[in-house]
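Listed below are the residues making up each chain.
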Amino acid sequence: MPEITYREALNQALAEEMERDDSVFLLGEEVAEYDGAYKVSKGLLDQFGPQRVVDTPISELGFAGLGVGAAMTGLRPIVEFMTFNFSILALDQVINSAAKMYYMSGGQISLPMVFRGPTGAALQLSAQHSQACETWYVHAPGIKLVTPGTPADAKGLLKASIRDDDPVAFMEGELLYNLKGEVPDPEDGDFVIPLGKAEVKREGADVSIITHGKMVNLAMQVAGKLEKEDVDVEVLDLRTLRPLDVEAILATVRKTNRAVYLEEGWPYVGIGSQIVTTIQEEAFDYLDAPVLRVTQADVPMPYAKNLEKLAKPDADRVVAACNRVLYRD
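Quick caveat, the model's predicted, so the values are computed rather than measured. (Residues numbered from 1 in each chain as written. Predicted model: local features only at pLDDT ≥ 70, side-chain atom pairs only at ≥ 80, totals over all residues. Heavy atoms only, no water.)

1. What to know about unusual backbone geometry
For clarity, the cut-off: Helix and strand definitions follow DSSP, with helices as H or I runs of at least four residues and strands as E runs of at least two, each counted in order from the N terminus. Partly exposed residues are those whose accessible area sits between 20% and 50% of the maximum for their type, while under 20% is buried and over 50% is exposed, using a 1.4 Å probe and protein chains only.
Geometrically, the link from Arg242 to Pro243 is a cis peptide bond, its omega value of 5° lying close to zero. By the element assignment, Pro243 lies in the loop between β12 (240-242) and α9 (246-256). Even without a glycine there, the phi angle at Asp230 is positive, about 65°. Residue placement: Asp230 occurs in the loop between α8 (215-227) and β11 (233-237). Overall, Asp230 belongs to the exposed group, its relative accessible area being 72%.

Okay, structure coming up:
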């Protein structure tokens, strides 16, 4: 399989789905003439024209609403937020319109659309541009949430999201765009990954690290580090947070009997709270230690480089959590 970047994988997915279905179109700030703020939409304007790759004003609430209206008429819009931090301005359209319309219309109106863009912290972008937004979206019934951590998952899950008849929030780690990985060649056939299916990225027997998105790569680093200490770590990548693959979570806990949940967001009412509750309710008798969480510090992200580093989850903190559940500390 060829090795391409996360950015290129997303670009392939967009191009293939727009070629496959002429009801799919992309809109957002700088997606056309500038090829996208992160160059994810590079070349799409030339390939599909300004009717299907649409630059919008700097008005997230406005163009999110335009996407909602287009989806209600049968089109399949992809709304790009330059960053999900800016999507906060559009939450009324996303949560009150997109997520609820199918229910409120008694199943008469579907909204097949994708809200996509980068999430989480990059490097010294300060508090207003460094938020992991997953918790805000996953809380609302009616919208699916996808968080790919590898180029292959980015492509396969984006294609599935575009084809889905429900609204999907598709969150891309801001520091992942240059990450390289193997992705099936388009000439080998249609590569689509079903939503709601987690994947074991590394088999292990001693402790499970359950995670998603950008943190998958950190979990793999920790697994390699602990392997040198004869600790066999299993890494479970959830890939989607709604729908959640509960059976995969329970399977890894039953296998290793110990779990650490790793996420980029804040700890208070974070994604990990739901994961820990699920494990406690469904697999309590399999646990040999309490489930621990590793998260960002419970503060707005600092701008100062040294403080930013301290606030983010890192390998040492994940290693320490694994050692605690193994009673090795």
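The rest of the description comes next.
2. Let's talk about the sheet that holds strand β10 (residues 207-211)
Worth spelling out the cut-off: When DSSP finds at least two bridges between two strands, those strands are taken to pair. Where helices are involved, their axes are fitted lines through C-alpha atoms of the stretch in contact, as for all axes, and angles between N-to-C directions lie from 0 to 180°. Contacts: residue pairs with any heavy atoms within 4.5 Å of one another.
Pairing within the open sheet is mixed, and its five strands lie in the order β9-β11-β10-β13-β14. Only two strands of the sheet have a single neighbouring strand rather than two, namely β9 (199-202) and β14 (292-294). Here the average twist between neighbouring strands, direction ignored, is 25°. The sheet contacts of α9 involve β10, β11 and β13 (259-262), and relative to β10 the element is tilted by about 160°.

3. Details of the side chain of Gln296
Our working rule: Counted as a polar contact is a pair of N or O atoms within 3.5 Å, where, for protein atoms, one must be capable of donating a hydrogen and the other of accepting one, and residues adjacent in sequence contribute only when both atoms are in side chains.
Relative to the assigned elements, Gln296 resides in the loop between β14 and α11 (305-311). The exposure class assigned to Gln296 is buried, which follows from its relative accessible area of 3%. In this structure the side chain of Gln296 is engaged in a polar contact, spanning 2.8 Å, whose partner is the backbone oxygen of Val299. Discounting residues that sit within four places of it in the chain, Gln296 has contacts with Ser130, Glu263, Glu264, Gly265, Trp266, Pro267, Met301, Ala311 and Pro313.

4. Some remarks on the pairing of strand β5 (residues 114-119)
Extensive coverage of β5 is indicated by the burial of six of its six residues. Relative to strand β7 (residues 168-173), β5 runs parallel, the two sharing six bridges. From the neighbouring strand, Phe115 faces β7, where its bridge partner is Ala169.

5. Re the packing of aromatic side chains
Put simply, the test is: Aromatic rings from Phe, Tyr and Trp, taking only the six-membered ring of Trp, are treated as a pair when their centres fall within 6.5 Å; an angle between ring planes under 30 degrees marks them as stacked, one over 60 as edge-to-face, and anything in between as tilted. Criterion for a charge above a ring: Lys NZ or Arg CZ within 6 Å of the ring centre, and within 35 degrees of the ring normal.
Counted under the stated rule, the structure contains six aromatic pairs. Here Phe81 and Phe84 contribute two aromatic rings whose centre-to-centre distance is 5.6 Å and whose plane-to-plane angle is 65°, an arrangement assigned as edge-to-face. Judged by relative accessible area, which is 0%, Phe81 ranks as buried. Geometrically, the ring pair formed by Phe81 and Phe115 is stacked, given 6.0 Å between the ring centres and 5° between the ring planes. With Phe81 in the loop between β4 (76-80) and α4 (91-98) and Phe115 in strand β5, this pair connects stretches of sequence that are 34 residues apart. Since its relative accessible area comes to 0%, Phe115 is described here as buried. What links up through ring pairs into an aromatic cluster is the set Phe63, Phe81, Phe84, Phe115 and Tyr137. Over the ring of Tyr34 we find Lys39; its NZ or CZ atom is 3.4 Å from the centre of that ring. Sitting over the ring of Tyr286, Arg254 keeps its end group 5.5 Å from the ring centre.

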